[in-house]
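The residues making up each chain are set out below.
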Amino acid sequence: MSFLHLRNVCVDFPIYQGSSRSLKKALLATSTHGNLGRDALDRINIRALNDVSIDIVNGDRVGLLGLNGAGKTTLLKVLAGVYEPTEGRLVASGNVSSLLDTQVGLNADATGHENIILRGMYMGIHPREMRERAGEVATFTELGHYLDMPVRTYSAGMMIRLAFAISTCVPPDILIMDEWLTAGDAQFLEKAQRRIENFVRGSSILTLASHSTELVERWCNRGILLHHGRVLSIGSIKEVISAYRRLIDPDAQQAPPQMAAVG
Amino acid sequence: MHLETVSGETGRIAELPEPSSRAALAATDLLEGIRKSWLWTTLAQQDVKLRYRGSILGPFWQTLTTAVMIGGMGLIYAELFHTELYDYLPMLAVGLIFWMFVAGMITEGCGTFVGVQCIIQQVRLPFSLHAYRLVYRNLLLLAHNFVIIPIVLLIFPHPISWFRLIELVPGLILIIVTGLWVSVLLGMISARFRDVPPIVASIVQVVFFMTPVMWPSEALGRNAWWAQLNPLFAAIDVLRGPLLGQPTASYSWIILVTMTVVGCFAAFAFFARFRSRIAFWV
C-alpha cells in the first residue's frame, strides 16, 4: 500500500544572493544591529508552495498542471522527499523513484552501460542486482551501440530514453516525473506509456508534471492545478484540464464545442 | 481566486501519525547512511579511480607525488634545520602523510554537500552518506600514501616497539570520527555561506606552517607547548609517535578525545537543527 499525504504544506525558498551568502557580512550584521544589518542580510523569501493538502493513493496517476513558476517542480521535489516542507507535513509510504532530471548520477565521461549501473546505485539498487537488469534496460532504450559511447555524446532525446529506462527498471511504488519527459519522440512516449500503465495497474502511483494537456489526459486519471503555489483545482483530470484552460484564457467562456466533446 | 474543489476530495483524508523530533530524524539519517555503506564505499572507490583515470599509475600517481615531495623537502629542510636526514626524513614522511589526510578532510569537508548538489536536489538520500563517502575517500588516499612509510622506515631503520603500534587503532578511530563531524559541520556552514571554503583553505595553509610537521616541536625549546596544544598536532602526534617509536606529547590524547567528543555533540546539534535546510542551501 503506497500513498502520499500532504497536509498544509508550505515551502519557503530563501533566495540567497550576493551578501546574504557571506559569513563575514552575516557576522558583521549581528554585531552592529544597525542599518548595515538590514542591508547585509536582505534575505528574500519566496513562498513556492502555500497551504497545499493533497492525498494521493494506490492507482492514482496524477497530472500536475500550472503555468511556469506555479510550483510544480517544487511540489514534485516535496513528494520525492528532496525538500522538507517548511510548514505542514508529508507522510509517504512506498519506494519512490524520481525522474526530476535526466543527469542524476550520470557521469558524462562514462559509457551508457557504466551509467546504467551508476544511476541504479543512486536509486538504491546494488551493482550486482543492476547488472542482471542491465540487459533489459539496454533493450528498452533501443540505443544499441551508442551504449558503448560516453553519454556526453548523447542527444537530449537519447538521455531521456536512458534515464527513463533505468528509473523504471524496477517497478517503483511511486514514480515522480517532471515535464522534460515530454521531450521524447512519439514512438518513445508510446512505449513509456505502456510501461507505466503496466505498473500503475499493479497498484502504484504516478505523478507527472507537464504543459501538454493531451499527454496528461492520456496518461493520468486525476489532476491538480497549481497557481502561485496554491492548489487552484483538484479532481478528475478532465475537470482540471478545463480549469487549466480557463486559467490560460479567461475570455473563452466555455471550451470550444469539439473540445467539449472530447473532454 | 478561491480554492476550487471539483470532486469529493474530503473522503480521502487520512489520519497522520505524530511527527518525529528533529534529533530523532537526524539520528535516523546517520543510521540510514551507515546502512547504505555499500553505496558510499563504491562511490568513494570510484572517486579515487576517476581522479586518476587515464594515467598509467592510477591512484599510485598520488603516492609518487607524495614521495617526491617528501624526498625533496627532506633533503633541503634537513640541511636547513641542521639535522640528520636519518632522523628528519622519517619524521617528515610520517607527519606529512597524516597531515595530508587530516587537512584533506578539512578542506574537502567544505564541499561535503555543495560538491554533490545535483544529487541532493534530485534524489532523497541520507545526508550523512555524503560525509561517510568523503571520509572513506580520504582513508583510501591515505592507504595509497601509507605505502611510503614502511619504505622510509626500512631505509632509515629505527627501533620500532611493535606493542605501541596498537595505539594506531584508537588514534585512527578518533580521527575518523573527527573527520566525520568536521565534514558535516563545515559542509553545512559552507553550503549556507559561500565565503567559508576559501577562508578555511587559507587557514589550513597558515596552520600547516604553525604545526610541527616539518619541524620537531622540541625545536621551540621551553615554548614547545605552544605547538603541542594545537589540535591538529595532537591528531598527527598520536599516529606519528607509535610509528617512530617516540613518546606521544603529554596532552595529545586528551586534546584529541576532547575535540572528538565536543565536536560530535556540536555537529549533531547543528545537523539536527538545520538538516532539512541543506537541500535549499546547496
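Please read all numbers here as calculations on a predicted model, not as lab measurements.

Novice: I'd like to hear about the packing of helix α5 (residues 127–141) of chain A against helix α7 (residues 186–201) of chain A, residue by residue, with values.
Specialist: Two packed helices can be described by the angle between their axes and the distance between those axes. Residue and element names in this part refer to chain A. Running from amino to carboxyl end, α5 crosses α7 at an angle of 140°, the nearest separation of the two axes being 11 Å. Between α5 and α7, the angle falls in the class oblique. When α5 is examined against α7, the residues Glu136, Thr139 and Phe140 are found in contact with a partner set consisting of Phe188, Lys191, Ala192 and Arg195. Each residue belonging to the contact of α5 with α7 can be placed in one class, and the counts come to three nonpolar, one polar and three charged.

Novice: With reference to specific residues and values, describe the nonpolar core.
Specialist: Nonpolar side chains tend to gather and get buried jointly when the protein is soluble and globular. Among the nonpolar cores identified, the biggest contains 57 residues, and A:Leu49, A:Ile54, A:Leu75, A:Ile224, A:Leu226, B:Ile120 and B:Ile278 are the most heavily contacted of them. Contacts of A:Leu49, omitting those with residues within four sequence positions, involve A:Val9, A:Cys10, A:Val11, A:Gly71, A:Thr74, A:Leu75, A:Val78, A:Leu226 and A:Gly229. One finds B:Val135, B:Leu174, B:Trp215 and B:Ala235 within the second-largest nonpolar core, a separate group that totals 53 residues.

Novice: Give a detailed account of the packing of aromatic side chains, specifying residues and quantitative values.
Specialist: The relation between two aromatic rings is expressed through the spacing of the ring centres and the mutual angle of the planes. Enumeration according to the criterion identifies 16 aromatic pairs over all chains in this entry. Here B:Trp40 and B:Tyr132 contribute two aromatic rings whose centre-to-centre distance is 5.3 Å and whose plane-to-plane angle is 40°, an arrangement assigned as tilted. In this pair, B:Trp40 sits in helix α2 (residues 37–51) while B:Tyr132 sits in helix α6 (residues 128–146), placing the two residues 92 residues apart along the sequence. By relative accessible area, B:Tyr132 is classed as buried at 10%. With a centroid separation of 5.2 Å and an interplanar angle of 75°, the aromatic rings of B:Phe208 and B:Phe209 are classed as edge-to-face. According to the relative accessible area criterion, B:Phe208 is buried, its value standing at 14%. An aromatic cluster of three or more residues is present, and its members are A:Phe13, A:Tyr83 and B:Phe280. Its end group placed over the ring of A:Phe140, A:Lys191 keeps NZ or CZ at 4.7 Å from the ring centre. The ring of B:Phe193 has B:Arg192 sitting right over it, with the charged end atom 4.5 Å from the ring centre.

Novice: Residue-level account of the pairing of strand β7 (residues 205–209) of chain A, with values.
Specialist: Residue and element names in this part refer to chain A. Most of β7 is tucked away, with five of its five residues classed as buried. Because side chains alternate across β7, one face comprises the buried residues Ile205, Thr207 and Ala209, and the other comprises Leu206 and Leu208, equally buried. Bridge count between strand β3 (residues 61–66) and β7: four bridges; the pairing is parallel. In the strand pairing of β7, valine 62 is matched with threonine 207. Here strand β6 (residues 174–177) runs beside β7; their pairing, made up of four bridges, is parallel. Note on β7: the bridge partner recorded for leucine 175 is leucine 206.

Novice: Outline the interface of chain B and chain A, listing residues and values.
Specialist: Taken together, the 43 residues of chain B in the interface contact 53 residues of chain A. Summed over both sides, the interface between chain B and chain A buries roughly 4,100 Å², with carbon and sulfur atoms accounting for 56% of that surface. Counting the contacts that link chain B with chain A gives one salt bridge. Between B:Arg275 and A:Glu84 there is a salt bridge, with the nearest N and O atoms lying 3.1 Å from each other. At the surface where chain B touches chain A, the tally comes to four residue pairs in polar contact (both at pLDDT 80 or more). Where the side of chain B that touches chain A is concerned, the elements lending two or more residues are β1 (4–5), α2, α5 (117–122), α8 (168–192) and α13 (278–281) of chain B. The element that contributes the greatest number of residues to the side of chain B that touches chain A is α2(B), accounting for six residues. Of the residues that constitute the side of chain B that touches chain A, the class distribution is 22 nonpolar, eight polar and 13 charged.

Novice: Account for a nonpolar patch on the surface, with residues named and values stated.
Specialist: Residues and elements named next belong to chain B. Side chains of Leu57, Phe60, Trp61, Leu64, Val68, Val147, Ile151, Leu154 and Ile155 sit close together on the surface and give an oily, nonpolar patch of about 890 Å² of accessible area. Looking at the nonpolar patch, the elements that each hand over two or more residues are α3 (60–80) and α7 (148–155). Per element, the largest residue contribution to the nonpolar patch is four residues, and it comes from α3. Relative to the helices and strands, tryptophan 61 resides in helix α3.

Novice: How would you explain helix α6 (residues 156–167) of chain A if you had to name every residue and give the values?
Specialist: Residues and elements named next belong to chain A. For α6, with twelve residues, the first-to-last C-alpha span of 16 Å sits near the 16 Å given by 1.5 Å per residue. Of all twelve residues that make up α6, ten are buried, and the element is covered over most of its length. All of the buried residues in α6 are Met158, Met159, Ile160, Arg161, Leu162, Ala163, Phe164, Ala165, Ile166 and Ser167.

Novice: How would you summarise the state of the cysteines if you had to cite specific residues and measurements?
Specialist: All names here are of chain B. Inspection of the entire model under this criterion finds zero disulfides over all chains. Between cysteine 110, a cysteine without a disulfide, and cysteine 264, which holds the nearest cysteine sulfur, the sulfur-to-sulfur distance is 18 Å. Classification of cysteine 110 as buried rests on a relative accessible area of 4%.

Novice: Before we move on, could you go through the pattern of salt bridges and cite the residues and values that matter?
Specialist: Where charged atoms of side chains with opposite charge meet at close range, the side chains can pair. Summed over all chains, the structure comprises 16 salt bridges over all chains. Among the salt bridges present, the one from A:Arg47 reaches A:Glu87, with a minimum N-O distance of 3.2 Å. Remark: A:Glu87 occurs in strand β4 (residues 87–93) and A:Arg47 occurs in strand β2 (residues 44–57); sequence separation between them is 40 residues. Salt-bridge contacts for B:Asp47 lead to B:Arg137; the nearest nitrogen and oxygen are separated by 2.8 Å. Taken together, the residues B:Asp47 in helix α2 and B:Arg137 in helix α6 connect sequence positions 90 residues apart. Overlapping salt bridges, with partners in common, bring together A:Glu142, A:Arg161, A:Asp185 and A:Lys191 in one network.

Conventions used here
Residues numbered from 1 in each chain as written. Chains lettered and ligands numbered in written order. Predicted model: local features only at pLDDT ≥ 70, side-chain atom pairs only at ≥ 80, totals over all residues. Heavy atoms only, no water. Axes fitted to C-alpha atoms, helices over the stretch in contact; angles between N-to-C directions. Helix = DSSP H or I, 4+ residues; strand = E, 2+ residues; numbered from the N terminus. Parallel < 35°, antiparallel > 145°, perpendicular 65-115°, else oblique. Contact = heavy atoms within 4.5 Å. Nonpolar A, V, L, I, M, F, W, Y, C, P; charged D, E, K, R; others polar. Core = buried A, V, L, I, M, F, W, Y, C linked by side-chain atoms within 4.5 Å. Buried < 20%, exposed > 50% of the residue type's maximum accessible area, 1.4 Å probe, protein only. Phe/Tyr/Trp six-rings, centres within 6.5 Å; stacked < 30°, edge-to-face > 60°. Lys NZ or Arg CZ within 6 Å of the ring centre and 35° of its normal. Pairing = 2+ DSSP bridges. Buried area = accessible area lost by both parts, 1.4 Å probe. Salt bridge = Lys/Arg side-chain N within 4 Å of Asp/Glu carboxyl O. Polar contact = N/O pair within 3.5 Å; in protein donor to acceptor, adjacent residues only side chain to side chain. Patch = residues over 30% accessible without salt bridge, like charges linked within 9 Å, V, L, I, M, F, W, Y side chains within 5 Å. Areas by Shrake-Rupley, 256 points an atom, 1.4 Å probe, with all protein chains shown as cover. Expected span 1.5 Å × (residues − 1). Disulfide = S-S within 2.5 Å.

Everything listed is a geometric property; what it means functionally is a separate question.
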